[in-house]
Amino acid sequence: MNNMELHMAAREWVSLVVDDLSHGYIRLIRRRVWTEESREDKYAAYAVLYHVIKGGALIMGSALVPHITEYLWNAFVRRLEKNEAESVHLTLLPQVNEKHVDEKLEKAFDLLFAMFSDIAEMRNRIKVKLRCR
């Protein structure tokens, strides 16, 4: 975005939301969060998911899809965090915390998500459903 290449920034944002979050992380945590019992790791998974959705809305969503992110901000963030800004457009962009960046872990997750994708493709090719009973 600093170079005004909004199309490239939009691609990265869509990749984060669709590939990393939806196809990767949600698939990874699915069994943990579907359980009926109250588990500590279930709430940790929800907290990470919330943090990423909130950050995604702040970082790019408000610039690319302002009406949708405004709706999400009010429906979720403001509902859960009463002291947050009245609008997603009135918030400051989050700053990168370098101590939370772990390139080795990111590469491991990229490999894991690629394996998930390959397995899903093979499963679809041989027509095996996700939930076999």
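Quantities reported herein were computed from a predicted structural model and do not represent experimental measurements.

Parameters at a glance
Residues numbered from 1 in each chain as written. Predicted model: local features only at pLDDT ≥ 70, side-chain atom pairs only at ≥ 80, totals over all residues. Heavy atoms only, no water. Axes fitted to C-alpha atoms, helices over the stretch in contact; angles between N-to-C directions. Helix = DSSP H or I, 4+ residues; strand = E, 2+ residues; numbered from the N terminus. Parallel < 35°, antiparallel > 145°, perpendicular 65-115°, else oblique. Left-handed = near helix turned anticlockwise from the far one by under 90°. Contact = heavy atoms within 4.5 Å. Nonpolar A, V, L, I, M, F, W, Y, C, P; charged D, E, K, R; others polar.

Once that is clear, we can look at the packing of helix H2 (residues 40-64) against helix H3 (residues 66-80). Contact pair H2 / H3: the axes reach a minimum separation of 9 Å and the direction vectors enclose 150°. Relative to H3, the element H2 lies roughly antiparallel. Here H2 and H3 pass one another in a crossing that is left-handed. Within the contact between the two elements, H2 uses Tyr50, Lys54, Ala57, Leu58, Gly61, Ser62, Ala63 and Leu64 and H3 uses Pro66, Thr69, Trp73, Phe76, Val77 and Leu80. Its residues assigned to classes, the contact of H2 with H3 comprises 10 nonpolar, 3 polar and 1 charged.

Let us now look at unusual backbone geometry. Residues other than glycine seldom take positive phi values, yet methionine 4 does so here, at roughly 60°. Tracing the chain through its elements places methionine 4 in the segment before helix H1 (6-34). One non-glycine residue, lysine 127, lies in positive phi territory at about 60°. Inspection of the secondary structure puts lysine 127 in the segment after helix H4 (103-125).

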